[in-house]
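This is what each chain is made of:
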Amino acid sequence: GEDVEQSLFLSVREGDSSVINCTYTDSSSTYLYWYKQEPGAGLQLLTYIFSNMDMKQDQRLTVLLNKKDKHLSLRIADTQTGDSAIYFCAVAYSSASKIIFGSGTRLSIRP
Amino acid sequence: DTGVSQDPRHKITKRGQNVTFRCDPISEHNRLYWYRQTLGQGPEFLTYFQNEAQLEKSRLLSDRFSAERPKGSFSTLEIQRTEQGDSAMYLCASGPDRAYGYTFGSGTRLTVV
């Protein structure tokens, strides 16, 4: 099946790194994404990675992909209060045109 | 380019009424998606257009739901005989190629009373 799983909550101290994890079930993934949703707002594409890559870095964001374990992670360095949001992992498969989303991880920042 | 626009932002309707939502994608994007999101959940795929052709439709989409994209530009999503379970945020997204992800609109929040 096409399932994408994430833990529901993550709390980190301001200035620390946040690591948000995601697992998926179908090995025919082609493209993988991280989206951010702030309260009352739509989804904002943060970054994406192709399935033939292991890592992608974009300023404070680092994406790691372990295809063998079907595991994707998003690391946010130097987490700030503005990073408080829900983060969604999403996966596109070769067999379909849709993108499947996880249920989201709510990131909260403590001072 | 003003991004993906959705109208209306909010809609309250009585059970049994029909509602129609509109999505204006980014002009050069040929792919258009509709998703539905309920509280505490991730977006759930409803349907997909490439230009004017509706190429994929979720099994979750009952016969009461219909979507169109008549000229390959804007799209409409109609829900007939609304039920309370239809209450959700309806999201539209567009993109040139799924390799680079999609741009989402702010959504239409539907409340069925």
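One can find the structure itself at the top, above this paragraph.
Trainee: If you had to explain the overall build of chain B to someone new, which residues and values would you point to?
Mentor: Helix and strand content of chain B: 0 helices and 11 strands. Helices and strands appear in chain B in the N-to-C order β-β-β-β-β-β-β-β-β-β-β. Whereas a compact globule of 113 residues would reach a radius of gyration of roughly 13 Å, chain B reaches 13 Å, a difference of no more than 12%. If you line up chain B on its principal axes, its C-alpha atoms span 35 × 25 × 20 Å. When the 113 residues of chain B are sorted by exposure, 49% land in the buried category. At a minimum sequence separation of 6, the contacts of chain B that also span at least 24 residues come to 53%. Roughly 5,800 Å² of accessible area belongs to chain B as shown, and the carbon and sulfur atoms make up 43% of that amount. For chain B, the distance from the average site of its 15 positive side-chain charges to the average site of its 13 negative ones is 6 Å.

Trainee: Account for the sheet that holds strand E7 (residues 61-66) of chain A, with residues named and values stated.
Mentor: Residue and element names in this part refer to chain A. Spatial ordering of the open sheet is given by E1-E3-E8-E7-E6, a layout of 5 strands whose pairing is antiparallel. At either margin of the open sheet sits one strand with a lone partner, and together these are strand E1 (4-6) and strand E6 (55-58). Recorded for the sheet is a direction-independent mean angle of 15° between the axes of neighbouring strands. Bridge analysis of E7 against strand E8 (residues 71-76) gives 6 bridges, and the strand direction is antiparallel. Each bridged residue has a counterpart across the sheet, and for valine 63 the counterpart in E8 is leucine 74.

Trainee: Tell me about the interface of chain B and chain A, and please be specific about residues and values.
Mentor: Opposite the 20 residues of chain B that make contact, chain A presents 22 residues. Of the roughly 1,700 Å² buried where chain B meets chain A, counting both sides, 53% is carbon and sulfur surface. Our count for the contact surface shared by chain B and chain A stands at 0 salt bridges. Among the elements of the structure, strand E4 (31-37) and strand E5 (44-50) of chain B are those that each provide at least two residues to the side of chain B that touches chain A. If one sorts the elements of the side of chain B that touches chain A by residue count, E4 of chain B sits on top with 3 residues.

Trainee: An account of the packing of aromatic side chains is needed here, citing residue identities and associated values.
Mentor: Per the stated rule, a full pass over the model turns up 17 aromatic pairs over all chains. Each ring, one from tyrosine 35 of chain B and one from phenylalanine 45 of chain B, has its centre 5.9 Å from the other, and the planes form 75°; the classification is edge-to-face. Pair noted here: tyrosine 35 of chain B is in strand E4 and phenylalanine 45 of chain B is in strand E5, with a separation of 10 residues, a long-range link. Each member of the pair, tyrosine 35 of chain B together with phenylalanine 45 of chain B, is buried. Among the aromatic residues, those joined into a ring-pair cluster are Tyr33, Tyr35, Phe88 and Phe101 of chain A together with Tyr33, Tyr35, Phe45, Tyr48, Tyr102 and Phe104 of chain B. The ring of tyrosine 48 of chain A has lysine 56 of chain A lying over it, and the distance from NZ or CZ to the ring centre is 3.6 Å.

Trainee: Please provide a residue-by-residue account of the pairing of strand E4 (residues 29-37) of chain A, values included.
Mentor: On a regular strand, each side chain points to the face opposite its neighbour's, so the side chains alternate between the two faces of the sheet. Residues and elements named next belong to chain A. A large share of E4 lies buried, amounting to 8 of its 9 residues. The pairing of E4 with strand E9 (residues 85-93) spans 8 bridges and is classified as antiparallel. Of the residues in E9, the one forming a bridge with tyrosine 33 is alanine 90. Looking at chain direction, E4 and strand E5 (residues 43-50) are connected through 7 bridges and run antiparallel. In the strand pairing of E5, glutamine 37 is matched with leucine 43. Linking E4 back to E5 in an antiparallel pair, the connection comprises 5 residues, with glycine 40 at a positive phi of about 75°.

Trainee: I'd like a rundown of the nonpolar core, residues and numbers included.
Mentor: In this structure, Val4, Tyr24, Leu32, Trp34, Leu72, Leu74 and Tyr87 of chain A are the most contacted members of the largest nonpolar core, which totals 23 residues. Elements that contribute at least two residues to this core include exactly strand E3 (18-24), E4, E5, E7, E8, E9 and strand E11 (105-110) of chain A. By residue number, the principal contributor to this core is E9 of chain A, which donates 5 residues. Setting aside chain neighbours within four positions, we find tyrosine 87 of chain A in contact with Gln6, Ile20, Trp34, Tyr35, Lys36, Leu46, Leu74, Ile76, Gly104, Thr105 and Leu107 of chain A. Formed by 19 residues, the second largest nonpolar core is a distinct cluster that contains Ile26, Phe49, Leu61 and Ala67 of chain B.

Calculation criteria
Every chain begins its residue count from 1, and numbering advances along the sequence as written. Chain letters and ligand numbers both follow the written order, the letters beginning at A and the numbers at 1. Local features in this predicted model are restricted to residues of pLDDT 70 or higher, and side-chain atom pairs are both shown and tallied only at a pLDDT of 80 or more, whereas totals for entire chains, interfaces and linings draw on every residue. To obtain the side-chain values, all non-hydrogen atoms of the structure were used and water was disregarded. Counting from the N terminus, the helices are the DSSP runs of H or I reaching at least four residues and the strands are the DSSP runs of E reaching at least two. Note that the radius of gyration is over C-alpha atoms, with the globule rule given as 2.2 Å times the number of residues to the power 0.38. Each residue is placed in one exposure class: buried if its accessible area under a 1.4 Å probe, protein chains only, is under 20% of its type's maximum, exposed if it is over 50%, and partly exposed if it falls in between. Two residues form a contact once any of their heavy atoms are found within 4.5 Å. Method for areas: the Shrake-Rupley scheme with a 1.4 Å probe, in which residue coverage is limited to the protein chains shown. None of His or the chain ends enter the tally, which takes Lys and Arg as positive and Asp and Glu as negative. Just so you know, the charge point we use is NZ for Lys, CZ for Arg, CG for Asp and CD for Glu. Only strands joined by at least two bridges in the DSSP assignment are considered to pair. Axis definition: a line fit to C-alpha positions, over the contact stretch in the case of helices; interaxial angles, taken between N-to-C directions, run 0 to 180 degrees. Note: buried area is the sum, over both parts, of the accessible area (probe 1.4 Å) each one loses when the two are combined. Note on definitions: salt bridges are taken to be side-chain nitrogens of Lys or Arg within 4 Å of carboxyl oxygens of Asp or Glu. We call Phe, Tyr and Trp rings a pair once their centres come within 6.5 Å, taking the six-membered ring for Trp, and we label the pair stacked below 30 degrees between planes, edge-to-face above 60, and tilted otherwise. In this analysis the charged atom, NZ for Lys or CZ for Arg, is taken to sit over a ring once it is within 6 Å of the ring centre and within 35 degrees of the ring normal. Among buried residues, the Ala, Val, Leu, Ile, Met, Phe, Trp, Tyr and Cys ones that are joined through side-chain atoms within 4.5 Å form a nonpolar core.

None of this, on its own, says anything about what the molecule does.
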